[in-house]
Structures are given as structure tokens and as C-alpha cells.
Amino acid sequence: MVNVYFFGEITDKYILGNKGAQLSEMTKIGLPVPPGFTISTKVCIDVIKNKKYPEGLKEEVEANLKRLEEKTGKKFGEPDNPLLVSVRSGSYVSMPGMMDTVLNLGLNEKTLSGLIKQTNDERFAWDSYRRFVQMFGNVVMGVEHKKFEKILSSYKKGRADTDLAVEELKQIVDDYKKLIKEETGREFPDDPREQLYMAIDAVFNSWNNERAIVYRRLNKIPDDAGTAVNVQAMVFGNLGWDSGTGVGFTRNPSTGENKMYGEYLLNAQGEDVVAGLRTPKHIEEMKKDIPQVYEELLRIRNILEKHYRDMQDFEFTIEKGKLYMLQTRTGKRTAQAAIKIAVDMVNEGLINKKEAIMRVKPEQLDQLLHKQIDPKAKEQTKAVTKGLPASPGAAVGRAVFDPDEAFELEEKGEKVVLIREETSPEDIKGMAAAEGILTARGGMTSHAAIVGRSMGKPCVVGCESISIDEKEKKFTVNGTVVKEGDWITIDGGTGEVFLGRLPVVDPKIKGDFEIFMKWVDGFRDIGVRTNADTPKDAQRAREFGAEGIGLARTEHMFFEGDRIKAVREMILADDEDGRRKALEKLLPMQKEDFIRIFKAMDGLPVTIRLLDPPLHEFLPKEDEEIKELAREMGITFEKLKSVVESLKEFNPMLGFRGCRLGVVYPEITEMQVRAIIEAAIEVNKNGGNAKPEIEIPIVSMVEEVEFLKNVIEKVAKGIIEESGVNVEYKIGTMIELPRAAVLADKLAKSLDFFSFGTNDLTQTTFGFSRDDAGKFIPLYIERGILKDDPFQILDRDGVGELMRICIEKARKANPNIEIGICGEHGGEPKSVEFCCEIGLDYVSCSPFRVPIARLAAAQAKIHGNI
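Trainee: Honestly, the overall build of the protein in this entry has me stumped. Any pointers?
Mentor: When helices and strands are tallied, the protein shows 36 helices and 33 strands. Its C-alpha atoms put the protein at 105 × 60 × 55 Å along the principal axes. Per-residue burial over the protein gives 57% buried out of 866 residues. Once local pairs closer than 6 in sequence are excluded, the contacts in the protein between residues at least 24 apart make up 69%. When the accessible area of the protein is evaluated, it comes to approximately 36,600 Å², of which 48% is carbon and sulfur surface. On the protein, the mean spot of the 124 positive side-chain charges and the mean spot of the 141 negative ones are 3 Å from each other.

Trainee: What exactly am I supposed to notice about the sheet that holds strand β30 (residues 730–735) here?
Mentor: The strands making up a sheet are joined through hydrogen bonds of the backbone, oriented either antiparallel or parallel. Ordered by their spatial adjacency, eight strands build a closed barrel running β26-β27-β28-β29-β30-β31-β32-β33, and the pairing between neighbours is parallel. Put simply, the sheet's adjacent strands are angled 30° from each other on average, direction ignored. As paired elements, strand β27 (residues 549–553) and strand β28 (residues 605–609) share three bridges and run parallel to each other. By the bridge assignment for β28, A552 is matched with I608.

Trainee: Teacher, can you tell me more about the packing of aromatic side chains here?
Mentor: For any pair of aromatic rings, geometry is given as the distance between the ring centres together with the angle between the planes. Applying the stated criterion to the full structure yields 16 aromatic pairs. Among the aromatic residues, those joined into a cluster by ring pairs are F766, F768, F776 and Y780. Note that K429 overlies the ring of F407, its terminal NZ or CZ placed 4.6 Å from the centroid. Across from the ring centre of Y842, 3.9 Å away, lies the NZ or CZ of R529, which sits over that ring.

Trainee: Looking at this structure, how should I read the packing of helix α35 (residues 829–837) against helix α36 (residues 850–863)?
Mentor: When two helices pack together, their arrangement is given by the angle between their axes and by how far apart the axes lie. Contact pair α35 / α36: the axes reach a minimum separation of 8 Å and the direction vectors enclose 50°. One finds that α35 runs oblique with respect to α36. α35 and α36 meet at a crossing whose hand is right-handed. Contacts between α35 and α36 pair P829, V832, E833 and C836 from the former with I852, A853, A856, A857 and A860 from the latter. Among the residues forming the contact of α35 with α36, the class breakdown is eight nonpolar, no polar and one charged.

Trainee: Looking at this structure, how should I read a negative patch on the surface?
Mentor: Taken together, the side chains of E622, E625, E628 and E632 define an acidic patch exposed on the protein surface. Topologically, E632 is positioned in helix α25 (residues 623–633).

Trainee: Would you take a moment to explain the sheet that holds strand β5 (residues 85–91) for this structure?
Mentor: Taken in spatial order, the five strands of this open sheet run β1-β2-β7-β5-β6, and their pairing is antiparallel. Both outer strands of the open sheet, β1 (4–6) and β6 (101–105), are each paired with one neighbouring strand and no more. On average, each strand axis in the sheet is inclined to that of its neighbour by 20°, with strand direction left out of account. Here three bridges tie β5 to β6, and the two strands are oriented antiparallel to one another. Its bridge partner lying in β6, V85 is registered against L105. Relative to the sheet, helix α8 (residues 192–205) contacts β2 (36–39), β5, β6 and β7 (227–233), its axis offset from that of β7 by approximately 145°.

So, how was this worked out
Residues numbered from 1 in each chain as written. Predicted model: local features only at pLDDT ≥ 70, side-chain atom pairs only at ≥ 80, totals over all residues. Heavy atoms only, no water. Helix = DSSP H or I, 4+ residues; strand = E, 2+ residues; numbered from the N terminus. Buried < 20%, exposed > 50% of the residue type's maximum accessible area, 1.4 Å probe, protein only. Contact = heavy atoms within 4.5 Å. Areas by Shrake-Rupley, 256 points an atom, 1.4 Å probe, with all protein chains shown as cover. Lys, Arg positive; Asp, Glu negative; His and termini not counted. Charge placed at Lys NZ, Arg CZ, Asp CG, Glu CD. Pairing = 2+ DSSP bridges. Axes fitted to C-alpha atoms, helices over the stretch in contact; angles between N-to-C directions. Phe/Tyr/Trp six-rings, centres within 6.5 Å; stacked < 30°, edge-to-face > 60°. Lys NZ or Arg CZ within 6 Å of the ring centre and 35° of its normal. Parallel < 35°, antiparallel > 145°, perpendicular 65-115°, else oblique. Left-handed = near helix turned anticlockwise from the far one by under 90°. Nonpolar A, V, L, I, M, F, W, Y, C, P; charged D, E, K, R; others polar. Patch = residues over 30% accessible without salt bridge, like charges linked within 9 Å, V, L, I, M, F, W, Y side chains within 5 Å. Salt bridge = Lys/Arg side-chain N within 4 Å of Asp/Glu carboxyl O.

In C-alpha cells:
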């Protein structure tokens, strides 16, 4: 079995790693690449697993080293004409800075003299040796980098590296070697072959260093992918002022402009650019410094783009006026750049529309739809803490701890960030008024997270390092106290929290975005709706391409203005008559809400969920708040307290909520249906086209559906007949419980649509409380028990299998039934792909996730998953 490949032999990135594969590819197409060879990724896994090299590996390395000597005309370890090499890592996925590199390997006191003869430059040779000892001592022998830097700084005394004299460099090398002996108890190795195999070991072992493990987890790179080792002939950018090193992009990675972008340093090696020890020059300045090299780099830039048909991120070295390419890879880019590059490359004939669509990551589109913290300001400011990035965008405002106060301050024109232990539906007014939301508790599908995303509000949740004192109106984090009125900035895309006011920038959505999304819609064949509770959200979602509303939560409408009083009157009523009187007050308010939403979604379906949460959520919890409400409502504290106590439940998520409220209090359902149908009639009478879909929540029995369907039809038919205006409406249910999924055939016979409520379906399938699962899910993922958080990425094996069963049974019983999804999974790209695969008619998600879902659906179609 072959484990070592010379550059140009094969180009499989899973065997050679991405770096090795691209060095091999560039060699094959004739670009100036220093020769070398790659030890395959499979060896890495063998070394880690078996603690030894596979049989015959050393012989393969030696054979390829001999070939490298023949190619370069130099000999490894030879004093008179030494071959020096670099030893670099490289997995199949680029992991910048995560693993280790050693340059100038092969130097010792003897080969150093040969290098001086080769180059006729003693200072360069000693500078290379100094760099090698430092890198080898750090990467291979484990001595802290800062200890070498301390020695170097003591000699530099504010000067640049290039100002160090030969005698100083000799002394630095000597001090480095003494440091290594002190720290490790062993001498610095002089034998070049010992150096080589120690470096190879170090690169393989760096696959399991802490930063590499964390990076793999964050980017979902499998642990068994392994890294390759690239051994390559050295070229030197530190050979004088006609030499240098740099990094570049074939196009601007920030804007997408079709123009080479990058930086370089003369008389330097690669780490100098990255380390920031000297200020690099912009690549265009090379026209003046070394014009012939600049022209050659432009020529190679064009070759790379035509060959790879994508924007490339490359590294290069110039040795005595000759250009060498050391790496190329697909360049990381902003969302704005990704779309511009994709559209431009189609127009240039480099790629087709399918390829363009596959080039943009769906989650990147978030950047285009929200204000962002100015990157320059962010670079210069350290976050005070970090939570979960629940809803993207930047929010800057004064800290406020009470939702009513947030509302009042916003009315006065103040910008605020609402800070809560956790939010509840009662906080909705303050949440809507705030620029952003920060909570100490809760996960990515907590109330704050879901509402934040639906409103397009930046939101950071589960920030457990902050200690909130709501009475004193302050929070403490890492010894810092933030009081009400203090300015803070949150980044909902990263979860970071900053003290003070950071500047924000508006997203720049230009014509390319619109062109790109038209291409996207031409490939997808699943509908995309939105979860929206207000006309403003509905209108915004429509502008983002939503094809209807898949979920309008009526309970959110109950917290506005005087409505909460009427809701509370209804809850406190002693009998049905009392409840109906209170509901009569709510009717015109609900009707007006629906009129405005139907107008915003004119001609498109609007799914309205009947009242879902348990009634205790509409009442205060603390005695002081109960006393205040009792005074306001003209009843005794004792009576109100007894009602609050009577509504308390041990497990409210599985308690008296959803359709159970409608069965016990059908007058609530009657009022809501009347408001929906009367609103639709009003809109249709005035030339509009309202398409209401009435949704029954938390169903587990056919009998519940039959009971409530009769209530809905009786009210709807009566109003329609009386008005003489036709309204086409549908009746359906949310599939949120496993029992409903397996009874789908029976439920489907009497319903027009199903919508999977996958937040609750995930809860009830796993038996996880989504508000408490954050205590153990991260550890489950870390220990390999769960691959992903099932509240963020749909669980295909359990929840997904229930969905398959449900769809199959429902469509057998009712071929015309419409089936969608309205949980938060409806906007998550991997989950959208699964929804396409199982044949859903539509997905529904927060307004700001609509473009993401559209792109994910198109990519699923192109990818062949449906």
C-alpha cells in the first residue's frame, strides 16, 4: 500500500489533504511549485491509533527524499550543498492556523556553512537558523513561543528583525538552544534525519491538539479524517530585498470585486506576515518594488481562477526575483462577496447557475439581512462575555431589565437592550420595543430565541456567566457591574456581549442579491412561508420572498395594549357568560390584527394557530405584581392569588394548553374563528383575497379534532352565509406529539392540512425539555452521544422517522392534504434539505430566515436529495 506521494502523482484531497492535493494539482498544470512529497492522511490515523508508523513508511519517505534531492540538485544533510525542507500539515478541509508547521528543517552547524556558500549571505543563513530553532523548539519540542520571543525582544530593543546583525543572531541561536535544554532536559537535535522524523511526528500529533479539536467540533470535521504531512524543498523569502513572501486572493474576499487582493513583505518568511511583526504592503505596491514578479503573479492568478473556477486564497514566496507558489485553496469570503463572485462568474462564463447556487452557504445570507458591528471597531474591542448566538445582527442600546420600561423608553425614542433571566410571552411588548435581547438562561429554541428570530431582533441567550439582579436593575459579569441605563452592544450572530456603544454598519444588498435569488427560485420546488404574528413581520417576510404565512401565533397578539386586561378578565371570570363578555372586548382587536395580516399577505395563504399557551402565562407570578394587578382589576389579592395558584402546573408544556383549552372553553375558539372569518370577509369585500388556514394546536386524539372542527365550521359557515361574501378557508392541525404522527391517517380524513411543530415534536419524542436541555446537550455532543443539538438540527432518525410515517399515512388517507413544517427547523439548512427529501409541500420560518430556506431548498434539489 502506497503511503507517500510525490507532487504531481495524484490529487485526491482525502488522501493528500487539501494542501497536498492543491500543491500536486498546481505542479501538474505547470505552475512554479517547489518540489516535494506528501505522507497520506491514513498514516496520521495509524500513528494516533497504534502509536507507530505503518510498516515500510520510512523506506517510502527515504525514496521520495532521494527523488527530491535529484529534483533540486541538493542533498539532505550534506554540508556543502544542503537541501532544506519545510514540514507542513494539511487535512482534506482547510484548517487555517490549527495545526503545525516547521520551516528551514535540515539546518545544523555543518549545513549552515553550506547554506552560506550557496547564497553568499551569512546574515540570511543565521536568520534562517534562528527561525528554525525557534519553530522546532516550539512546535516539536513543546517550549512556549513567548519564551523565545522574550529572548528575541531582548536583542531587538525595538528594532525590526532585519536590523539584527550576524553576531547577534548567533547569540540568539545559542540562547534558544540553552532555553530548550533548560525546558526539555535534552539537547537540540543536530541530525537532519532525526529532525525530519521528529517534525513529522509533531505534525501528525498536532491533529489532536486542543485548538484543532475545537475547530473540528465547530466546523463538524470528522475526527478520523486525519492530517497529511507535506515535505517540500525550501525557498527563501528572507534572502534580501529582491525576495519576499505574501498571501493573496484572486478576488476581494470582502466585496467580491474582480481584482487581485493581498499583502506581502520583502526580505521575510511566511510567518512574518501572519505574526504581524512587520506591517505588510498592499499587493499593488509590488508593481513598484518588483514589477516583473507582479506581472507573473497576475498571470498565475488568472490561471488559478480559470483552472479552479472559484476565488482562490494563495500563498507565495519570492526568492531572488523568482516567484514560487506554496499553497492555494478555495478562499473564504463574506456573504456579499460570495453572491457577487457567484453572479460575476456566471456572467463571465466560468460557472453555470447551478454551480453559482451551490457556492453560497445558506447561513451566510444572515449577514446580508441584519445590521452588523463595524468590523474595525470589533477588532479593537474585547467581548466582556459570550452566550448562544440565537438571532443574528448587532444591537446597541441602554441596558433595561423590565419589558414595560423598555416599551416606555422606546416610546420616548430611547434605544434599549432588554436583559432578562429568561423571557415569557408577557415580555413581548418590551421585546418588540428593544433593539436586542440578552438572557442568562435558555437555549437556541427558547422563547427569547424564537421570538427574536421571528422579529429579526438580535438575540443572545443562555449567557450563564452574567448574574442578573432584576430588583436592583443590574447585572454582574467577570467582576464588572452593568447598571440600568449603561450602554451595551450585543452580536446575535456570534453571541458576544460588549460594554459601551460599538458602531454598526447597514447591510449592503445590491442587485446581485436579487439576481441570485431569482436563480434560486428557479431551481427549488418546495414552498417557503414565514412565521409572522404582525403585519410588519408579514410584509418584511414577503419582501424576502415568503409565499404565505405558515404560522401566526395568536397569543402574541394578546399582550398588546389593553388586550391583556381583557384576557385576564376572561381568565378570572366565574362562568361562561363572564368569559364571553371579556372575549367580546378582544374580538374587534383580533379582527383588526387579521385584517392587516391578510392585506400584507394578499392572495397568499395565512395559517393562524388558535390559542396555544397555558393560561397561567397571562398572569403575574410574583406577589407584588399580583397585588398591583388585583388593585387594577378591582378584586382582592386573595382571589387573584388563588386563581394564579390554581393554574400552576407541574409540567405546563404537557398541561392545560392548545386544543385542550378550546375543548374546555369552546367560547375562546368561537371568538378567534369569528375574528378570522370576519376579517377575511372584510378584506375580500374590498377587493382583496384573504386565504385563512385555521390551525388546531397540540392534538393527540381524533375526537379533539372532530369536536373543534364542528365548533369552527359552525361559526364560519354562519358568518359566511350571513354576509353573502365567500371565504375559502382550510382547517388543519399541528403535528407536535408522537401519537398524532402515528394516527395521521385517521386525522387526515377530516382535515385539509398538517404542519409539523418540530420544536414540541422534538421535546416529546426525546423526552427533553427544550428549556432545560442546555444543561446536558453540549456534553452529549462533546462525548459523541449526540451528533447535533436536535432542537437546532432536525433529528432524522427519530423525529424524522415519525414525520415519514405521518406523511405516508396521511397521504394514503387523503391524497390532497397539504403538509408543511413551522418549527424553527424550517429555516435551518440541513433540516430544510430533509424536508425536501421527505416531500413536504412547504417549510415555514422566521422572516429573516426566508432567503436562507429558499437557498437551502434549491441546493437540496440541485444536490439530488429529492
